[in-house]
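Summary of structural features
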Amino acid sequence: TILDGIMASYAGGHIATPDSRAIVARLADALNDETFTLSPGKAYRHILVVKGHPELLDVRYTPPHDISDRPVAEFLPQGPGADLLLGLMEAARPLLLADPTNARLADENRCMITDIWPFWPGTAPAGLRSFAELRGGLRAAMTSGVDLLRGLSVLFGFRFLELDGVKVTDGLDNDFAGQAEGALAALEADEADVVVIHVEAPDEMGHAGDIEAKLDAIEAIDRDIVSRLLGYGSQHGGAGGGGEGAAGEGGGADADEGVGAGEGVRILAMPDHYTPIATKTHEGIPVPFLLWGSGIEPNGAENYSEEAAAATGLTLDPDGWRVMDLLLG
């Protein structure tokens, strides 16, 4: 939502998925052609496929969540080929203005969607090896309310858990307890050896600059997810110590819990990046992680915090991915 040239809401007021899919489907009917294919996703995140025009990979893009409450003019796509995208953005504006779902949102005093904002382009990766191949046949699964994580699941051979009756979203309306129960059910049914519970809400609240909502999200993770994982671990031979440290950016998923089953249970809790309330965007600072369970020895930390993690002297920066070695042994 761009108002008077200002990024008023990078997420269209955190539009609900049914509303956004209706809007994007109508945009697709009007704008899709031999070059562009727009496909509905979840909430405010959708997919634009471009055929040809590799020059667009070198265009300068700015994520909309990096420019909240700032003028957008200097952050529009820039570089060779940018005019193609700017033309698409311009073509979308009158369609959005006339969209019936958008009109209803305005009547309900909610954010009206004014623009589409393409960013973060990529090509289909080649030569990736599956998690099972890299990790001795271990089967992995994931639950998330974000399509990006669903895509990563496909790329790395994870099973993406479709949890019947569980509302899995990127916000505070997420069913935190349902996600935990669904993940543990996959372990209990021997459908996976490792399950990632990805929770997006703290990151979204950080981008929104809403400290109270971010605290609510963190408390919900602790109350409804971590408590269940600890209970499951204690019942399945996971009793043991806990270790803590700092991992480089890219080590995990937003406020996620990785649960390793096998001889006992291990739990890894960590975010994948900072999203400070003060800046409303990502920071490339090593994040705290915590390991608990079978075979994990304490290393002196008495609480889970950035300061406590740093004080242990254990750091994986810049190779945050090595935290998986610690989890799996």
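In this report, the structure presented in the accompanying data block is examined.

This part is about the packing of helix α7 (residues 201–208) against helix α8 (residues 211–235). Relative to each other, α7 and α8 sit at 170 degrees, their axes nearing to 8 Å. In terms of orientation, α7 lies roughly antiparallel with respect to α8. Taking contact as the criterion, the partners of A201, P202, M205 and G206 in α7 are, on α8, A213, K214, A217, I218 and I221. A per-class count over the contact of α7 with α8 returns seven nonpolar, one polar and one charged.

Counting across every chain of the model gives three aromatic pairs. Ring geometry for Y10 versus Y44: centroids 5.5 Å apart, planes at 85 degrees, classification edge-to-face. With Y10 in the loop between β2 (6–7) and α1 (17–31) and Y44 in the loop between β3 (36–42) and β4 (45–50), this residue pair connects regions lying 34 residues apart in the sequence. Y44 shares its class with Y10; the two are buried.

Our next topic: the pattern of salt bridges. Taken as a whole and judged by the stated rule, the model has 21 salt bridges. A salt bridge links R223 to D224; its shortest N-O distance comes to 3.2 Å. Take D224: its relative accessible area is 16%, and that puts it in the buried class. One salt-bridge network, held together by shared partners, links D19, R104, E108 and R110.

A few words now on the nonpolar core. Counting 30 residues, the largest nonpolar core has M7, L27 and W117 as its most contacted members. The set of elements that each furnish at least two residues to this core consists of α1, β3 and α2 (82–97). Of all the elements, α2 adds the most residues to this core, at six residues. Residues in contact with W117, not counting those within four places in the same chain, are I2, M7, T62, P63, P64, I67, V72, F75, L76 and M89. Residues L161, A180, Y232 and W292 belong to the second largest nonpolar core, which totals 24 residues.

So, on to empty space enclosed by the protein. Taken as a whole and assessed by the stated rule, the structure comprises one cavity of 30 Å³ or more. If you add up the space inside the largest cavity, you get close to 30 Å³. Forming the walls of the largest cavity are L31, N32, F36, L38, L48, L88 and I116. For the lining of the largest cavity, the per-class residue count stands at six nonpolar, one polar and no charged.

Rules of the game
Counting restarts for each chain, with residues numbered from 1 along the sequence as it is written. For a predicted model such as this one, the threshold for reporting local features is a pLDDT of at least 70, and the threshold for listing and counting side-chain atom pairs is 80 or more; totals across whole chains, interfaces and linings nevertheless cover every residue. Remark: hydrogens and water are excluded; side-chain values derive from all non-hydrogen atoms of the structure. Lines fitted to C-alpha atoms define the axes, with helix axes restricted to the stretch in contact, and inter-axis angles between N-to-C directions lie between 0 and 180 degrees. Only DSSP runs of H or I with at least four residues qualify as helices, and only runs of E with at least two residues qualify as strands; both kinds are numbered from the N terminus onward. Working rule for angles: under 35 degrees goes down as roughly parallel, over 145 as roughly antiparallel, 65 to 115 as roughly perpendicular, anything else as oblique. In this description, contact between two residues means that some pair of their heavy atoms is separated by no more than 4.5 Å. Only Asp, Glu, Lys and Arg are considered charged in this grouping, and only Ala, Val, Leu, Ile, Met, Phe, Trp, Tyr, Cys and Pro are considered nonpolar; every other residue, Gly among them, is considered polar. Note on aromatic contacts: the rings of Phe and Tyr and the six-membered ring of Trp form a pair at centre separations within 6.5 Å, being stacked when their planes are under 30 degrees apart, edge-to-face when over 60 apart, and tilted otherwise. Exposed residues in this analysis have more than 50% of their type's maximum accessible area, buried residues have under 20%, and partly exposed residues fall in between, with area computed by a 1.4 Å probe over protein chains only. Each salt bridge in this description consists of a side-chain nitrogen of Lys or Arg and a carboxyl oxygen of Asp or Glu lying within 4 Å of one another. What makes a nonpolar core is a set of buried Ala, Val, Leu, Ile, Met, Phe, Trp, Tyr and Cys residues whose side-chain atoms join them at distances within 4.5 Å. A cavity, in this analysis, means grid points on a 1 Å lattice covering only the protein atoms where a 1.4 Å probe fits yet has no way out; a pocket is instead an open set bounded by protein on both sides within 12 Å along at least five of seven lines, and a residue lines either one if it has an atom within 4 Å of a point. Grid points are joined across faces, edges and corners, and a volume is the space filled by probe spheres set on the points.

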